[in-house]
Amino acid sequence: MRNPKPKEWSAADWSQYKIADYKPFMFVDGEGVRCSLYVSGCLFACKGCFNKAIQNFNYGEPYTQELEDQIITDLGHDHVQGLTLLGGEPFLNTQVCLKLVDRIREKYGTAKDIWSWSGYTFEELLQDTNDKLELLSKIDILVDGRFELSRRDLTLQFRGSSNQRIIDVPKSLASENKEVVIWEKCVDKARYQD
């Protein structure tokens, strides 16, 4: 597992604008029915990663306007709660993710929520580059932190290891010192181990 210094890894240097997969109408990648976009490429290389193949930034297919249009259409269904960004590492694919998120916000406002998984912690993202901060500021829920095999717990809600948190991003950013506010619907937050 790698631990970057602030601003060490740049999406502009690494992203190949590739998508590993798109899965509409999922039930496992966050609350409710979701459209899930798996971006390609991750530098964290967590031991036990369940998406090891898509750590490669060249894995998959190019992100296209057609795919983006399909995601926007799929999100239009009343039963779809929102979009989930995962991968791979969304915050090393900000060119793709910001374009899509901006379009969702333009079309749906806050009627559709946006979740993201990231190997970065919330605190690391606050110290990083403007594109990462911009993406962070436009999502609703962040599941943060590297997957740690020694802390693996498959009974946890929406996360794989006990160091990871389900963070309410708008409330956290609005708090006095930008302190983490755990998502109010997290059923097992007491099991978080720093």
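Coordinates for the structure precede this section.
Everything in this summary refers to the structure shown in the same document. (Residues numbered from 1 in each chain as written. Predicted model: local features only at pLDDT ≥ 70, side-chain atom pairs only at ≥ 80, totals over all residues. Heavy atoms only, no water.)

1. Concerning the overall build of the chain
Check the secondary structure of the chain and you find 6 helices and 7 strands. Reading the secondary structure of the chain in the N-to-C direction produces α-β-β-β-α-β-α-β-α-α-β-β-α. Computed over its C-alpha atoms, the radius of gyration of the chain comes to 15 Å, within 12% of the 16 Å expected for a compact globule of 194 residues. Its C-alpha atoms put the chain at 40 × 35 × 30 Å along the principal axes. In the chain, which comprises 194 residues, the share counted as buried stands at 50%. Across the chain, the fraction of contacts at a sequence separation of at least 24, relative to all contacts at a separation of at least 6, is 69%. Of the side chains in the chain, 25 bear a positive and 30 a negative charge, and the two mean positions are spaced by 4 Å. (Helix = DSSP H or I, 4+ residues; strand = E, 2+ residues; numbered from the N terminus. Rg over C-alpha atoms; globule rule 2.2 N^0.38 Å. Buried < 20%, exposed > 50% of the residue type's maximum accessible area, 1.4 Å probe, protein only. Contact = heavy atoms within 4.5 Å. Lys, Arg positive; Asp, Glu negative; His and termini not counted. Charge placed at Lys NZ, Arg CZ, Asp CG, Glu CD.)

2. A few points about the packing of helix α2 (residues 65-75) against helix α3 (residues 94-108)
Viewed as axis vectors pointing N to C, α2 and α3 meet at an angle of 35 degrees, and their least axial separation amounts to 11 Å. For the element pair α2 and α3, the recorded crossing hand is right-handed. Between α2, through Gln65, Glu68, Asp69, Ile71, Ile72 and Leu75, and α3, the contact on the second element is made entirely by Lys99, Leu100, Arg103, Ile104, Lys107 and Tyr108. Its residues assigned to classes, the contact of α2 with α3 shows 6 nonpolar, 1 polar and 5 charged. (Axes fitted to C-alpha atoms, helices over the stretch in contact; angles between N-to-C directions. Left-handed = near helix turned anticlockwise from the far one by under 90°. Nonpolar A, V, L, I, M, F, W, Y, C, P; charged D, E, K, R; others polar.)

3. Focus on the packing of α3 against helix α5 (residues 130-137)
Where α3 contacts α5, the two axes come as close as 10 Å, and the packing angle between them is 35 degrees. Considering how the two elements wind past one another, α3 and α5 form a crossing that is left-handed. Of the residues in α5, those in contact with Thr94, Cys97, Leu98, Val101 and Asp102 of α3 are Asp131, Lys132, Glu134 and Leu135. Considered class by class, the residues forming the contact of α3 with α5 number 4 nonpolar, 1 polar and 4 charged.

4. Here we look at the nonpolar core
Ranked by internal contacts, the top residues of the largest apolar core, which has 40 residues, are Leu37, Leu83 and Leu142. Every element with two or more residues in this core is listed here: β1 (18-26), β2 (33-39), α2, β4 (80-87), α3, α4 (122-126) and α5. Ranked by the residues each element gives to this core, the list is headed by α3, at 7 residues. Among residues more than four places away in sequence, those in contact with Leu83 are Arg34, Cys35, Ile71, Leu75, Leu100, Ile104, Asp113, Ile114 and Trp115. Listed in part, the 11 residues of the second largest apolar core include Tyr38, Ile54, Trp183 and Cys186. (Core = buried A, V, L, I, M, F, W, Y, C linked by side-chain atoms within 4.5 Å.)

5. Structural notes on the environment of Thr94
Along the chain, Thr94 turns up in helix α3. C-alpha separation for the pair Thr94 and Arg152, spaced 58 residues apart in sequence, amounts to 28 Å. Beyond its immediate stretch of four places on either side in the chain, Thr94 contacts Ala11, Lys99, Asp131, Lys132 and Leu135.

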